[in-house]
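# Residue-level structural notes
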Amino acid sequence: MDPENQEPEELELPEEAKEEDLKMELKPVASHLLYPDQLFILPLNRRPFFPGMAAPIVIEPGAYYEVLKIVAKTEHKCLGLFLTQHEDTSIYKIGLPDLHKVGVVARILRIIPMEQGGAQVVLNMEKRVKIEKSVKSKYLAAKVTYHDDPPLAKLSKELKAYSISIITTIKELLKLNPLFKEELQIFLGHSDFTEPGRLADFAVALTTATRDELQEVLETFDLEKRIDKALLLLKKELDISRLQSSINQRIEATISKSQREFFLREQLKAIKKELGMEKDDKSLDVDKFEDRIKKRKIPDEVLKVIREEMEKLSVLEMQSAEYGVCRNYLDWLTSVPWGMTSEETHDLKKAAKVLEEDHYGLKDIKERILEFIGVGKLTKGVKGSIICLVGPPGVGKTSIGKSVARALNRKFYRFSVGGMRDEAEIKGHRRTYIGAMPGKLIQALKYAETMNPVIMLDEVDKMGASFHGDPASALLEVLDPEQNKDFLDHYLDVRCDLSNVLFIVTANVLDSIPEPLKDRMEILRLSGYIQAEKIEIAKKYLVPRNRTAMGMKESEVVFTDAALAQIINGYAREAGVRTLENNIKKILRKVAVHLVRELEAKKRKKKTVVDEKNLVSYLGKPIFTTDRYYDINPVGVATGLAWTSLGGATLYIEVVKYPADKTEMKLTGQAGDVMKESAQIAWSYAQAQAGKYAPSIPFFEKSQIHIHIPEGATPKDGPSAGITMVTALLSLLLNQPILPNLGMTGELTLTGQVLPIGGLKEKLIAARRSKLNVLIFPKENLRDYDELPEYLKKDLEVHFVSNYDEVFKIAFPNLKEKSHEKRPDLVAKKTRKSRAS
């Protein structure tokens, strides 16, 4: 049913409202006027109402709903509407002081109850009303006086002019905002424009003025002042409407222009297409694919797939999802550089020059790469080779890959597989997935635009595995020369020949690489650099490169060899040169600040020389002092040599004894399982052979032995400390110190055999750094030693042993002066007497 035609419902009054509150309402001012002198008050938060208006108001269940039911039962059906002093005031916690004094009296026209409680009430605002004083009541009520506009027999000229101005302004507003037209019609049905007061109230009600501005007009009883204020607010509203209209026109003009341009472009496209001057997007795609096909030597099987897909593309609508999938697939298929190869250079002289320019040292690596290039020259192409460069961080594994690509005149592409857990990164996603892409290898071919690039797989030892698959297993096909000629990417789904690609793999350690993958690679080890090599690398590469990068010249800053040596020994002791480069950068930044300050002060620039004396001012106190805990090892201490992923290191074994009821051995220093077993073997061997090496001394009778490996926070493992542990135990048993500056490494068996170890070069470098010049290695490592460059072996006395008896004779020369197997060409010129001194 239409609410406008519905009869108002009679609301029941609450029991307590029938007596006292109704008596208050039945005191009219005069018998011929139904306006009481006491009114219940309904507070308003947002805007005041003006006489002559009709408006619906929603009243929620509560005190004001009860007031509504009381007023509905009265004869006059009037209540007062007053604006609150502050907009955020709660109407349920309010008194008369919180209200403006002037409001309007409203008569109830219709009440429409709501399902959720409360009611919607239609009110007719009749005249201004002013609060005089409060009235005692359960609900908000006050004694009021009414204000009527004085009757005008004839309008004054001024009021008539104001009225005409207001009407003119309203007409202009109607042109700009048609919404006002409906309100004007409602007003005309209730009022006449000959009443200036009503006209002013209506004009103000049309505006979007603030609540305070509207209240000010409501409180203005003087007709001329009120109509003046109303005209002022109406003019402001007109200005705002004009501005709004201007903004709307500007936006519409922009939109219209864009639409017009779009339609014109579409028409132009259609005209050009009809004249044969231009093709649509589908034709352009097809032409692009055809152009790529002509430039490539595509295998027949692949070409067949491309033709089938292009036929499918020609019948698909461009708006369909399948069109995008098909287009992307063709884009990748035709982007692979089928049959396109770089022209290789197999000039050994040029290759050797490139390698020497880019790297210092690494003689064995350079020789292997030159061998590799030489074979490629004879076979007319380097094929089926996978090189794995293993070494600690910062030794130049990645840069060697770049140098090989430059020497062969091939494109270079590198990507890291460290942390990779999804085999789709290698072999691609299936096309059924949204956002599917080929794997990294196909992407590398597209980037390099050749089928024979150098592809480097960095950090292959740090690959992971998850429910998405095992990328290490996916690499088995890629890195197998017998399989990668028919490599199948899941996205392309056609065979791709990767046999012409040179794969270079890098790793820090080999332990975490699966054996089947390791078996497919030729492993080349980069062990790190000694001090002399690092100084040369810094002078030839690091200092010039970073000096140029920071905008300085050789005439402005230089490093002395002594300063570089001090940086290496005191601040950068790792196997590579990354920390060394970072320290050089740090120094150059401070020098750059000094040079800029001199320029700003307009002083003459002086050459900065970085030497041993001023190094501390740039880098602070040295981080490292020495690797050695002892200048001369005391009784019960032996020096071993260890290998880590960061290079070689010295490893001390300390043994002490203390009284106990039972002879036992205790091991500390965070040793791994293999090292714990090695300690047990050393203990058993020393106990079994005590009569041989210390015939007159009981084996630690009623003593507990404690073996400790310093730097307890660092995990340690491996069998190569076996002979070092036995030597430390015998030193304590014999109460004899070990030969000074002696370092040793080797795995020991229960019968005293010394087995070979790994990482010989790294351990030798660590020994040189710690100034150990007498070394013991297993005899089976002699082959590895012979392959080392001469500058690493210079001034060292190296012994190769196969049985612990030989170790004992070297470590304790004063106990038994007998000859033992020793390489005469490896013995330094210094005599043992001079060493002892």
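Refer to the structure above for everything that follows.
Cut-offs used in this document
- Residues numbered from 1 in each chain as written.
- Predicted model: local features only at pLDDT ≥ 70, side-chain atom pairs only at ≥ 80, totals over all residues.
- Heavy atoms only, no water.
- Helix = DSSP H or I, 4+ residues; strand = E, 2+ residues; numbered from the N terminus.
- Buried < 20%, exposed > 50% of the residue type's maximum accessible area, 1.4 Å probe, protein only.
- Contact = heavy atoms within 4.5 Å.
- Areas by Shrake-Rupley, 256 points an atom, 1.4 Å probe, with all protein chains shown as cover.
- Pairing = 2+ DSSP bridges.
- Axes fitted to C-alpha atoms, helices over the stretch in contact; angles between N-to-C directions.
- Polar contact = N/O pair within 3.5 Å; in protein donor to acceptor, adjacent residues only side chain to side chain.
- Phe/Tyr/Trp six-rings, centres within 6.5 Å; stacked < 30°, edge-to-face > 60°.
- Lys NZ or Arg CZ within 6 Å of the ring centre and 35° of its normal.
- Left-handed = near helix turned anticlockwise from the far one by under 90°.
- Nonpolar A, V, L, I, M, F, W, Y, C, P; charged D, E, K, R; others polar.
- Salt bridge = Lys/Arg side-chain N within 4 Å of Asp/Glu carboxyl O.
- Expected span 1.5 Å × (residues − 1).
- Bend = angle between axes of the 7 residues up to and from the residue.
- Patch = residues over 30% accessible without salt bridge, like charges linked within 9 Å, V, L, I, M, F, W, Y side chains within 5 Å.
- Lys, Arg positive; Asp, Glu negative; His and termini not counted.
- Charge placed at Lys NZ, Arg CZ, Asp CG, Glu CD.
- Parallel < 35°, antiparallel > 145°, perpendicular 65-115°, else oblique.

Within the protein, the secondary structure is distributed over 29 helices and 26 strands. Within the protein, the proportion of its 837 residues that are buried is 47%. Long-range contacts, defined as pairs at least 24 residues apart, comprise 74% of the intrachain contacts of the protein with a sequence gap of at least 6. Carbon together with sulfur atoms contributes 52% to the accessible area of the protein, which is approximately 44,200 Å² in total.

So, on to the environment of Y804. With respect to the helices and strands, Y804 occurs in helix α28 (residues 804-811). With 77 residues separating them along the chain, Y804 and T727 place their C-alpha atoms 9.2 Å apart. Residues within four places of Y804 in sequence aside, it is in contact with Y685, Y693, I723, V726, T727, L730, L748, G752 and V754.

Further remarks concern unusual backbone geometry. Excluding glycine, a negative phi dihedral is what most residues carry, and trans is how most peptide bonds are arranged. The phi torsion at D493 lies on the positive side, around 60°, for a residue other than glycine. By the element assignment, D493 lies in the loop between β12 (487-488) and β13 (495-496). If you check the backbone angles, N735 has positive phi at about 60° while not being a glycine. Topologically, N735 is positioned in the loop between α24 (722-734) and β22 (742-744).

A few words now on the sheet that holds strand β15 (residues 522-525). Strands sit in the order β10-β11-β14-β9-β15 across an open sheet of 5 strands; the sheet is parallel. Each edge of the open sheet carries a strand with a single partner, namely β10 (412-416) and β15. Within this sheet the neighbouring strands show an average axis-to-axis angle of 20°, counted without direction. Where strand β9 (residues 386-390) and β15 come together, 4 bridges link them in parallel fashion. For V390, the partnering residue across the bridge sits in β15 and is R525. This element, helix α15 (residues 440-448), spans β10, β11 (454-458) and β14 (502-507) of the sheet and lies at about 150° to β10.

Checked against the element boundaries, D458 lands in strand β11. The class of D458 is buried, set by a relative accessible area of 5%. At a separation of 2.7 Å, a polar atom in the side chain of D458 contacts the side chain of R414.

With that settled, consider the packing of aromatic side chains. In this description, an aromatic ring pair is defined by two values, namely the gap between the centres and the angle between the planes. Scanning the entire structure with this criterion turns up 19 aromatic pairs. Note on Y329 and Y491: the rings are 6.0 Å apart at their centroids and 80° apart in plane angle, and the pair reads as edge-to-face. Of the two residues, Y329 is situated in helix α10 (residues 321-335) and Y491 in the loop between β12 and β13; the sequence distance between them amounts to 162 residues. Exposure remark for Y491: the relative accessible area of 4% places this residue in the buried category. For the ring pair Y413 and F415, a centre distance of 6.1 Å and an interplane angle of 50° mean the geometry is tilted. Under the relative-accessibility criterion, Y413 is labelled buried at 14%. Judged by relative accessible area, F415 falls into the buried class, the value being 4%. Here the aromatic cluster, defined as three or more aromatic residues joined through ring pairs, consists of Y685, Y693, Y804, F808 and F812. When the ring centre of Y329 is taken as reference, the NZ or CZ atom of R431 above it lies at 3.8 Å. Across from the ring centre of W332, 4.2 Å away, lies the NZ or CZ of K446, which sits over that ring.

Attention now moves to the packing of helix α12 (residues 363-378) against helix α13 (residues 397-408). Between two packed helices, what matters for the description is the angle formed by their axes and the separation of those axes. Between α12 and α13, the shortest axis-to-axis distance is 12 Å and the interhelical angle comes to 35°. Crossing handedness for the pair α12 and α13: right-handed. Along the contact surface, α12 presents I365, I369 and I373, while α13 presents I400, V404, A407 and L408. Looking at the contact of α12 with α13, its residues break down into 7 nonpolar, no polar and no charged.

Right, let's talk about the pattern of salt bridges for a bit. When charged atoms on two side chains of opposite charge get close, those side chains can pair. Inspection of every chain in the model, using the stated rule, returns 30 salt bridges. Salt-bridge contacts for R327 lead to D285; the nearest nitrogen and oxygen are separated by 3.2 Å. Residue R327 is found in helix α10, and its partner D285 is found in helix α8 (residues 281-295); the two are separated by 42 residues along the sequence. On the basis of relative accessible area, D285 is assigned to the buried category, the value being 11%. Here E581 makes a salt bridge to R545, at a shortest N to O gap of 2.8 Å. Separated by 36 residues along the polypeptide, E581 in helix α20 (residues 578-600) and R545 in helix α18 (residues 531-549) bring together distant segments of the chain. With relative accessibility at 15%, the residue E581 sits in the buried group. Classification of R545 by relative accessible area gives partly exposed; the value is 48%. A cluster of three or more residues bridged by salt bridges with shared partners is formed by E357, D358 and R406.

Bringing α18 into the picture now. The terminal C-alpha atoms of α18 lie 25 Å apart, and with 19 residues this matches the ideal 27 Å at 1.5 Å per residue to within 8%. Along α18, the sharpest change in direction is near 50° and occurs at A538. Taken residue by residue, α18 has E533, K534, I535, I537, A538, Y541, L542, V543, N546 and R547 as its buried positions. Here the buried face of α18 lies against α11 (348-358), β16 (557-559), α19 (561-570), α20 and α27 (790-793). G551 sits one or two positions beyond α18 and adopts a positive phi of about 75°.

Okay, a negative patch on the surface next. Taken together, the side chains of E158, D222, E224 and D228 make up a negatively charged region of the molecular surface. With respect to the helices and strands, E158 occurs in helix α3 (residues 157-176). For E158, a relative accessible area of 43% translates into the label partly exposed.

Between α24 and α28, the least distance of the axes is 11 Å, while the angle of their chain directions is 55°. Here α24 lies oblique to α28, going by the angle between them. Handedness of the α24/α28 crossing: right-handed. Across the interface between the two elements, I723, V726, T727, L730 and L734 from α24 touch Y804, V807, F808 and A811 from α28. Here the residues of the contact of α24 with α28 are counted per class, giving 8 nonpolar, 1 polar and no charged.

Moving on: the pairing of strand β25 (residues 774-778). Extensive coverage of β25 is indicated by the burial of 5 of its 5 residues. Side chains of β25 alternate between two faces, with V774, I776 and P778 and L775 and F777 buried alike. As judged from the 5 bridges shared by β25 and strand β26 (residues 797-801), these two strands associate in the parallel manner. Counted as the bridge partner of F777 is F800 from β26.

What follows deals with the environment of E654. Residue position: E654 is located in strand β19 (residues 647-659). The spacing of E654 and V637 is 17 residues in sequence and 4.6 Å in space, taken between C-alpha atoms. Here E654 is in contact with Y630, G636, V637, H706, I707, H708 and P710, once residues within four sequence places are set aside.

What follows deals with the environment of A54. Mapped onto the elements of the fold, A54 is located in strand β4 (residues 54-59). A relative accessible area of 44% places A54 in the partly exposed class. It is 5.6 Å that separates the C-alpha atoms of A54 and L123, two residues lying 69 residues apart in sequence. Those residues within four positions of A54 in sequence are excluded, and the remaining contacts are L123 and N124.

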